[in-house]
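A look at the structure
Read off the chains here:
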Amino acid sequence: MDNITLKDILNPVDPKRFWLHYWGKKHLVIRRNLFKTLFKWNDFNNVMNNYPDNLNHLQVLDYDGKGKSWCLNKVKSGKLKLPMLSKEQLFEFWKSGKTFVLPSAEYTKEKFVAICNEFERYFNRGTVNIYCSSKKDAVGFPAHCDQTENFLFHTEGKVKWTIYENSAPNREPGKIVDEFVLEPGDLLYIPQYRYHKAESLTPRISISIHFANKKNQTLKKFNITAKGKGMYRPKWYDWVPKDLYFNKKGYRKNEVPKKFRMGGSNWKKTYFNNLKR
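What counts as what
- Residues numbered from 1 in each chain as written.
- Predicted model: local features only at pLDDT ≥ 70, side-chain atom pairs only at ≥ 80, totals over all residues.
- Heavy atoms only, no water.
- Pairing = 2+ DSSP bridges.
- Helix = DSSP H or I, 4+ residues; strand = E, 2+ residues; numbered from the N terminus.
- Contact = heavy atoms within 4.5 Å.
- Axes fitted to C-alpha atoms, helices over the stretch in contact; angles between N-to-C directions.
- Core = buried A, V, L, I, M, F, W, Y, C linked by side-chain atoms within 4.5 Å.
- Buried < 20%, exposed > 50% of the residue type's maximum accessible area, 1.4 Å probe, protein only.
- Phe/Tyr/Trp six-rings, centres within 6.5 Å; stacked < 30°, edge-to-face > 60°.
- Salt bridge = Lys/Arg side-chain N within 4 Å of Asp/Glu carboxyl O.

It is worth spelling out the sheet that holds strand β3 (residues 70-71) at this point. Paired through their backbone hydrogen bonds, the strands of a sheet run either parallel or antiparallel. The sheet built from eight strands is open, its strands ordered β1-β9-β6-β11-β5-β4-β2-β3 with antiparallel pairing. Of all the strands in the sheet, the pair left with one neighbour each is β1 (28-30) and β3. With two bridges connecting them, strand β2 (residues 59-60) and β3 associate as antiparallel partners. Within the sheet, the bridge partner assigned to valine 60 lies in β3 and is tryptophan 70. Each of β4 (99-102), β5 (123-133), β6 (149-156) and β11 (204-213) touches helix α3 (residues 41-48); the most contacted strand, β4, lies at about 80 degrees to it. Each of β2, β4 and β5 touches helix α5 (residues 87-95); the most contacted strand, β4, lies at about 120 degrees to it.

Next up on the list: the sheet that holds strand β8 (residues 176-182). Spatial strand order, β8-β7-β10: three strands in an open sheet with antiparallel pairing. Because the sheet does not close on itself, it has two edges, and the strands there are β8 and β10 (194-200). Direction aside, neighbouring strands of the sheet carry axes that sit 20 degrees apart on average. In the sheet, strand β7 (residues 159-167) pairs with β10 via six bridges, with the strands oriented antiparallel. Residue pairing across strands places valine 159 opposite serine 200, the latter belonging to β10.

Moving on to the nonpolar core. Among the nonpolar cores identified, the biggest contains 52 residues, and Leu58, Trp70, Ile130, Phe151, Phe153 and Ile207 are the most heavily contacted of them. Tallying contributions element by element places helix α6 (residues 110-119) first for this core, with five residues. In contact with tryptophan 70, other than residues within four places in its own chain, are Tyr51, Leu58, Gln59, Val60, Tyr63, Val75, Leu80, Leu82, Pro83 and Leu85.

Tracing the sequence through the fold places histidine 154 in strand β6. We classify histidine 154 as buried; its relative accessible area is 1%. Excluding residues within four positions of it along the chain, histidine 154 makes contact with Lys36, Val159, Trp161, Leu182, Glu183, Pro184, Gly185, Asp186, Leu188, Ile205 and Ser206.

With burial as the criterion, each face of strand β9 (residues 187-190) is covered, one bearing Leu187 and Tyr189 and the other bearing Leu188 and Ile190. With four bridges connecting them, β6 and β9 associate as antiparallel partners. Across the sheet, phenylalanine 151 pairs through a bridge with tyrosine 189, a residue of β9.

This part takes up the packing of aromatic side chains. Evaluation of the coordinates by the stated rule reveals 24 aromatic pairs. When the centroid spacing of 6.1 Å and the interplanar angle of 65 degrees are considered together, the rings of tryptophan 41 and tryptophan 94 count as edge-to-face. Here tryptophan 94 lies in helix α5 and tryptophan 41 lies in helix α3, a separation of 53 residues in the sequence. Tryptophan 41 gets classed as partly exposed once you look at its relative accessible area, which sits at 27%. What makes tryptophan 94 buried here is its relative accessible area of 14%. One aromatic cluster is present, built from ring pairs that chain together Phe18, Trp19, Trp23, Phe119, Tyr122, Phe123, Phe151, Tyr189, Phe211 and Phe222.

All right, on to the pattern of salt bridges then. By the definition in use, this model includes eleven salt bridges. Glutamate 118 is the partner of arginine 121 in a salt bridge, and the nearest nitrogen-oxygen pair spans 3.5 Å. A relative accessible area of 15% means that arginine 121 is categorised as buried. The class for glutamate 118 is buried, based on a relative accessible area of 3%. For lysine 158, the salt bridge goes to glutamate 183, with nearest N and O atoms at 3.9 Å. Taken as a pair, lysine 158 in the loop between β6 and β7 and glutamate 183 in the loop between β8 and β9 lie far apart in primary sequence, 25 residues in all. Exposure remark for lysine 158: the relative accessible area of 37% places this residue in the partly exposed category. For glutamate 183, a relative accessible area of 36% puts it in the partly exposed group.

Encoded structure:
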């Protein structure tokens, strides 16, 4: 899975064009079907059913209807004076139309690790945050800006995005410069400090993979870390047993080998003879 390249991620936009015309300057929308299965509703279902285990950073946006967020790790530590939610209570919040955030989700999927590894050749260490909304118009963040370069992969539903003219340190977003709707497979790049806003038009999953720039990184002095060097994150290991059946190309086979298949007049004899060996 480590063979994902920047060219794959930005396809069909050439990486050179991205660096010259978009990086740190303006947003970029890429419409295609790549990575549309990066994290789907079944993945969200599996993750949430582990609650509260392995979900230490889970957030519920607009928990109280007044803009306050509920954060599992802060509730556990006592830093946030809010009640601990049972699994049933959390599910009721989800059904009511809240937006859930799964921060620091890099090791939820193997492809997240591979994408981060490739991006981190050009940027500093990154983070994966997964935004999941259960209904249309689920409350998210108001217009705001982030301190990181943000790549947003859309895998479920439709999201309306608004991009504004101003960037930090301006305290106001300013005029709207672009509005568009993104669907599964679409990718959005937002430069650091640029004001933006996302609105759910349907239940949705959006994945924010964001990175700080390398120190003193410029187009004239552009530092690309060689693969396997620098700030590489811990490796993703394949824990699948190696004694499963493989085909000639090395891929795992789902079907039973022919000698064990039912069918024909001699399958029982073949099967039991092999058991005796």
